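Residue-level structure breakdown
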Amino acid sequence: MPPPPPLAQKTHPSPRSRYNRPPNLPRPASGRVRRYYPCVAVSGDGDGEEGGAGAQWRTHATSDDLEQRGWDVETYEQWMEDVKEGKGEGEGLAALPSSPTATDTWWKPHVASFAPISTSNLPSNTPITSGVSFTTITINVPTHLSSLFSRFTSSGGHFIRTSLPTNAGFAAALAHASKLVPEAPYAFVNATGLGARELVPDTNMYPTRGQTILVRGEASKASTFEGIGTINYVIPRKGSGTSVLGGTKQSGNWDTEPDEETTREILERCKVLAPELLSRDGEFEVLKVQVGLRPSRVGGARVQREVVEGEGRRWRVVHAYGHSGAGYQNSVGVARKVVRLIGEFEGVEKVAAKL
């Protein structure tokens, strides 16, 4: 049997290289400098979802989904710390009261100000029969994404907009991507969302269509009601003078055009959730109607390492896609796992070399 093709080799930069240690990289408690691997993150354009997302921390994890629970808790704790340290405004984060419906409340001990809502304080003339309140984190999406991008570039990252081939296999796409950067990447992070359906390819990927409405005024709190086949929410974008109303969860629907009837239904259903945003005529002032496709996946998100063979090479890859509508509240926990998985390649390869 012929030996496997060699792994794409990372170069060993000089001590002054930007790949040794980026600016402000914290040292571990032991005082040793952690390893820093030059990587390429491959991502998609978001299929319209990102800009229109009414993002907030509201876990989608069930009590038996221990990994996603961990991601969500890590993200909540980090965001709350950022807000307490005064970083929230610059990062598009705000701690606000939230009143969602919820039946699985495993997250109760992990959030601030959790309490059940008495029936007398629930909206009248609605199907809402129970609810809870707690302090959530809402995300002003444009500000948050801009903040993350600034942190990325200030740490020495570079952004390249291009198209990768999907008709010659995943390895060919990785080989193409590796030619776009000046130094052979140690590993790739595949965060292509729905694009993974064709790129990997992963036929478990499918869209969940979401339609939202941007309206004038900031709601006093985040409110969510989720019933059978429907979801209604109002999420203020702190500091923007706007709020996002939603929404829909339409699995397998690839349509990115707004539906007028859906718009009317969302506006009507959300009136009881944010009456303070209504005009004297009892209507919202609509600024924009938006449609996005959430990157959903049968079996849940894929966050794992893989060695992809092809094009005469072997490529280290960490997959991180398929989070559907939970991408923001998973983000910190998933990012930390991605970093751990990249570091694990070295240990696995050392063991394999001894065999």
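Whatever comes next refers back to the structure up there.
These remarks concern the structure in this document. Residue indices follow the written sequence of each chain, beginning from 1 at its first position. For a predicted model such as this one, the threshold for reporting local features is a pLDDT of at least 70, and the threshold for listing and counting side-chain atom pairs is 80 or more; totals across whole chains, interfaces and linings nevertheless cover every residue. Side-chain measures were taken over the full set of non-hydrogen atoms in the model, leaving aside hydrogen atoms and water.

**What about the overall build of the chain?**
Scanning the chain from N- to C-terminus turns up 8 helices and 13 strands. Should any heavy atoms of two residues lie within 4.5 Å, those residues are considered in contact. When contacts within the chain are restricted to residue pairs at least 6 apart in sequence, long-range pairs at least 24 apart make up 72% of them. Surface accessibility in these figures is a Shrake-Rupley result with a 1.4 Å probe; residues are shielded only by whichever protein chains are displayed. As displayed, the chain offers around 18,800 Å² of accessible surface, 52% of which is attributable to carbon and sulfur atoms. Working definition: helices are DSSP H or I runs of at least four residues, strands are E runs of at least two. Numbering for both runs from the N terminus.

**Regarding the pattern of salt bridges**
In the sections that follow, a salt bridge refers to a side-chain nitrogen of Lys or Arg positioned within 4 Å of a carboxyl oxygen of Asp or Glu. Applying the stated criterion across every chain yields a total of 11 salt bridges. It is possible to trace a salt-bridge network through shared partners that takes in E268, K271 and E283.

**Considering helix α2 (residues 66-84)**
With 19 residues, α2 extends 27 Å from end C-alpha to end C-alpha; this agrees with the ideal 27 Å at 1.5 Å per step. Downstream of α2 by one or two residues, G86 has phi in the positive range, about 85 degrees. Here a helix's expected span is defined as the number of its residues, less one, multiplied by 1.5 Å.

**Considering a nonpolar patch on the surface**
The residues that make up patches have over 30% relative accessible area and no salt bridge, and they are joined within 9 Å when like-charged or within 5 Å when they are Val, Leu, Ile, Met, Phe, Trp or Tyr. Taken together, the side chains of F149, F152 and F159 define a hydrophobic patch exposed on the protein surface, amounting to about 310 Å² of accessible area. Structurally, the position occupied by F152 is in helix α4 (residues 141-154). Only protein chains enter the accessibility calculation, which uses a 1.4 Å probe; a residue whose area is less than 20% of its type maximum is buried, one above 50% is exposed, and one in between is partly exposed. By relative accessible area, F152 is classed as partly exposed at 41%.

**Examining the packing of aromatic side chains**
Classification of ring pairs rests on two measures: the distance between centres of Phe, Tyr or Trp rings, Trp counted by its six-membered ring, which must be within 6.5 Å, and the angle between planes, read as stacked under 30 degrees, edge-to-face over 60 and tilted in between. A full pass over the atoms with the stated rule returns 8 aromatic pairs. With centroids separated by 5.6 Å and ring planes inclined at 85 degrees, the aromatic side chains of F149 and F159 adopt a geometry described as edge-to-face. One end of the pair, F149, is in helix α4; the other, F159, is in the loop between α4 and α5 (170-178), and 10 residues separate them in sequence. Site record: aromatic cluster; members linked through ring pairs are W57, Y76, W107, F114 and F134.

**Structural notes on the pairing of strand β8 (residues 230-237)**
Of all 8 residues making up β8, 7 are buried, and the element is well covered by its neighbours. Strands were regarded as paired on the criterion that DSSP finds at least two bridges between them. As defined by bridge partners, β8 adjoins strand β9 (residues 242-246) across 5 bridges and the pair is classed as antiparallel. The partner of I235 across the bridge, within β9, is V244. Connecting the antiparallel pair β8 and β9 is a turn made up of 4 residues, with G239 showing a positive phi of about 85 degrees.

**Concerning the sheet that holds strand β1 (residues 39-43)**
Strand pairs in the sheet, formed through backbone hydrogen bonds, run parallel or antiparallel to each other. Across the sheet, 4 strands lie side by side as β1-β5-β13-β12; this open sheet has mixed pairing. Since the sheet does not close on itself, it has two edges, and those belong to β1 and β12 (302-310), each with one partner. Put simply, the sheet's adjacent strands are angled 25 degrees from each other on average, direction ignored. Angles run from 0 to 180 degrees between N-to-C directions of axes, and those axes are lines fitted to C-alpha atoms, restricted for helices to the stretch in contact.

**Considering a negative patch on the surface**
Charged residues are defined here as Lys and Arg on the positive side and Asp and Glu on the negative side; His and the ends of the chain fall outside this count. Every charge is mapped onto a representative atom, which is NZ of Lys, CZ of Arg, CG of Asp or CD of Glu. A contiguous patch of negative charge on the surface is contributed by D255, E257, D259 and E260. Along the polypeptide, E260 turns up in helix α7 (residues 260-270). E260 gets classed as exposed once you look at its relative accessible area, which sits at 62%.

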